[in-house]
Amino acid sequence: MDINITAMLIGLLILHCLFALRAFKSPVRLSTNKKCIWCLLSLFLGPLGYYSYHGFIPLDKLQKD
């Protein structure tokens, strides 16, 4: 396999894992089931899953800075 393809696949895998970790460590208070769904979507779809689910979170549940 070409080294460029391998590097891009590893980078994509790291990106998906980072978005799943970001969803897991989010300060938003959600039930365990909803947080697991968010993490799985982020893991499988990467940024698309993270931000698509983020759009469904009610804004009143976000912590205020």
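Going by the structure above, here's the rest.
To keep things clear, this report deals only with the structure shown in the data block. (Residues numbered from 1 in each chain as written. Predicted model: local features only at pLDDT ≥ 70, side-chain atom pairs only at ≥ 80, totals over all residues. Heavy atoms only, no water.)

**Digging into the environment of Ala23**
Here is step 1: Assignment of secondary structure puts Ala23 in helix α1 (residues 3-24).
Here is step 2: Along the primary structure Ala23 and Leu41 are separated by 18 residues, whereas in three dimensions their C-alpha atoms are 9.4 Å apart.
Here is step 3: In this view, Ala23 contacts Lys35, Trp38, Cys39, Ser42 and Tyr50; residues no more than four positions away in its chain are not counted. (Helix = DSSP H or I, 4+ residues; strand = E, 2+ residues; numbered from the N terminus. Contact = heavy atoms within 4.5 Å.)

**So, helix α2 (residues 32-45)**
Here is step 1: Taking 1.5 Å of rise per residue, 14 residues should cover 20 Å, and α2 covers 20 Å from first to last C-alpha, within 8% of that figure.
Here is step 2: Restricting attention to buried positions, one finds in α2 the residues Lys35, Trp38, Cys39 and Ser42. One side of α2 carries all its buried residues, which in axial view fall inside an arc of 95 degrees. Seen from the open side of α2, the exposed residues pointing more than 90 degrees away from its buried face are Asn33 and Phe44. (Expected span 1.5 Å × (residues − 1). Buried < 20%, exposed > 50% of the residue type's maximum accessible area, 1.4 Å probe, protein only. Arc of directions from axis to C-beta.)

**Some points on the packing of α1 against α2**
Here is step 1: Put simply, α1 and α2 touch, their axes get as near as 7 Å, and they point 165 degrees apart. It follows that α1 is roughly antiparallel to α2 by the angle criterion. As α1 runs across α2, the sense of the crossing is right-handed. Residue-level inspection shows His16, Cys17, Phe19, Ala20, Ala23 and Phe24 of α1 in contact with α2, the latter providing Lys35, Trp38, Cys39, Ser42, Leu43, Phe44 and Leu45. (Axes fitted to C-alpha atoms, helices over the stretch in contact; angles between N-to-C directions. Parallel < 35°, antiparallel > 145°, perpendicular 65-115°, else oblique. Left-handed = near helix turned anticlockwise from the far one by under 90°.)

**A short note on α1**
An α-helical turn contains 3.6 residues, so a residue and the one three or four places further along point in the same direction.
Here is step 1: Compared with the 32 Å implied by 1.5 Å per residue over 22 residues, the 32 Å span of α1 between its first and last C-alpha is a close match.
Here is step 2: All of the buried residues along α1 are His16, Phe19, Ala20 and Ala23. Buried positions in α1, seen along its axis, are confined to an arc of 100 degrees and lie on one side of it. Counted as exposed and oriented over 90 degrees from the buried face of α1: Ile3, Asn4, Ala7 and Phe24.

**So, the nonpolar core**
Here is step 1: Counting eight residues, the largest nonpolar core is built from Phe19, Ala23, Val28, Leu30, Trp38, Cys39, Tyr50 and Tyr53.
Here is step 2: Put simply, the parts of the chain that give this core at least two residues each are α1, α2 and α3 (47-54).
Here is step 3: Those residues in contact with Tyr53 that sit more than four places away from it in its chain are Leu30, Lys34, Ile37, Trp38 and Leu41. (Core = buried A, V, L, I, M, F, W, Y, C linked by side-chain atoms within 4.5 Å.)

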